[in-house]
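Observations on chain architecture
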Amino acid sequence: MSLADVKIEPTWKKALHSEFSKPYFDKLKQELKRLSAAGKVIYPPSKLIFNAFNKTPIGEVKVVIIGQDPYHGPGEAMGLCFSVPADKRIPPSLRNVYKELHADTGATIPNHGDLSQWAAQGVFLLNTILTVEHKKAGSHKKIGWHLFTDAVIATISEYCTGVVFLLWGNFAQTKIPLIDADKHHILTAAHPSPLARNAFFGNRHFSKSNEILIKQGKTPIDWQID
């Protein structure tokens, strides 16, 4: 797999220019090439690795949701954390996100898991690891993506103002030191995974995010997914 031909939205390309020229990023690209040449199946397809960036330019970021690594089943990963294409089964964690969304805002629970409508409104759906091997969860967590996505979070913190960071679970909350809490808003909750034993429910992050955005004079997110 080569990242050389991957299109990255221009404002992100400019904001992250220094990262793309660092040694770790070159090593990351070379490792992906090596794995691909060795016959490893890698998700998502190369054209979707930077899907979150391409759907949400940095100047339009209002809300950030942080996930871990992509889904590792065929056709599931689409470059947006928690999201799957409309023809795929809704994952358990996303089902719980939808349940909380309904309880919080009254939104109808969607019959699919494609969160592209959120991304189009300024919800930046960032996995901290952007690739994974087939049926091997966490398989790319040590190849350098964390250095890149930490820089992404820090860049949002520096470049933007008034962003609402939704940090679900202990892993996402380790990113708090990268965020300037004087400029931004950090909301934390348990992870929506069923393993969290319903601790995610009742956080009201969707309505709280919109309250924060409205106070800043920003257009709130229409969380309802068609």
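Look up a bit, the structure's there.
We now turn to the structure provided with this report. (Residues numbered from 1 in each chain as written. Predicted model: local features only at pLDDT ≥ 70, side-chain atom pairs only at ≥ 80, totals over all residues. Heavy atoms only, no water.)

Take the overall build of the protein next. Looking only at helices and strands, the protein features nine helices and six strands. Taking 17 Å as the expected radius of gyration for a compact globule of 226 residues, we find that the protein reaches 17 Å, a close match to that expectation. Expressed as lengths along the three principal axes of its C-alpha atoms, the size of the protein is roughly 50 × 35 × 30 Å. When each of the 226 residues of the protein is scored for burial, the buried share is 51%. Sequence separation of 24 or more characterises 69% of the internal contacts of the protein that already satisfy a separation of 6 or more. Entry remark: accessible area of the protein is about 10,600 Å², with carbon and sulfur atoms responsible for 53%. (Helix = DSSP H or I, 4+ residues; strand = E, 2+ residues; numbered from the N terminus. Rg over C-alpha atoms; globule rule 2.2 N^0.38 Å. Buried < 20%, exposed > 50% of the residue type's maximum accessible area, 1.4 Å probe, protein only. Contact = heavy atoms within 4.5 Å. Areas by Shrake-Rupley, 256 points an atom, 1.4 Å probe, with all protein chains shown as cover.)

As a further point, take the nonpolar core. Counting residues in each nonpolar core, the largest one holds 63 residues, and the members touching the most others are Phe53, Trp118, Trp145 and Phe148. If we ignore the near neighbours within four places in the chain, the residues touching Phe148 are Leu16, Glu19, Phe20, Tyr24, Phe25, Phe50, Phe53 and Leu130. (Core = buried A, V, L, I, M, F, W, Y, C linked by side-chain atoms within 4.5 Å.)

With that settled, consider the pattern of salt bridges. Following the criterion strictly, the structure yields five salt bridges and no others. As a salt-bridge pair, Lys22 and Glu19 come within 2.9 Å of each other at their nearest N and O atoms. In this structure Lys22 comes out as partly exposed when scored by relative accessible area, which is 34%. Note that Lys136 and Glu133 form a salt bridge whose closest N and O atoms lie 3.8 Å from each other. (Salt bridge = Lys/Arg side-chain N within 4 Å of Asp/Glu carboxyl O.)

Describing two packed helices takes the angle between their axes plus the distance from one axis to the other. As a packed pair, helix H3 (residues 23-37) and helix H7 (residues 145-159) sit with axes 9 Å apart at the nearest point and diverge in direction by 130°. Relative to H7, H3 is oriented oblique. The way H3 lies across H7 gives a crossing that is left-handed. Of the residues in H7, those touching H3 at Tyr24, Phe25, Leu28 and Leu32 are Trp145, Leu147 and Phe148. Residues of the contact of H3 with H7, tallied by class, amount to seven nonpolar, no polar and no charged. (Axes fitted to C-alpha atoms, helices over the stretch in contact; angles between N-to-C directions. Parallel < 35°, antiparallel > 145°, perpendicular 65-115°, else oblique. Left-handed = near helix turned anticlockwise from the far one by under 90°. Nonpolar A, V, L, I, M, F, W, Y, C, P; charged D, E, K, R; others polar.)

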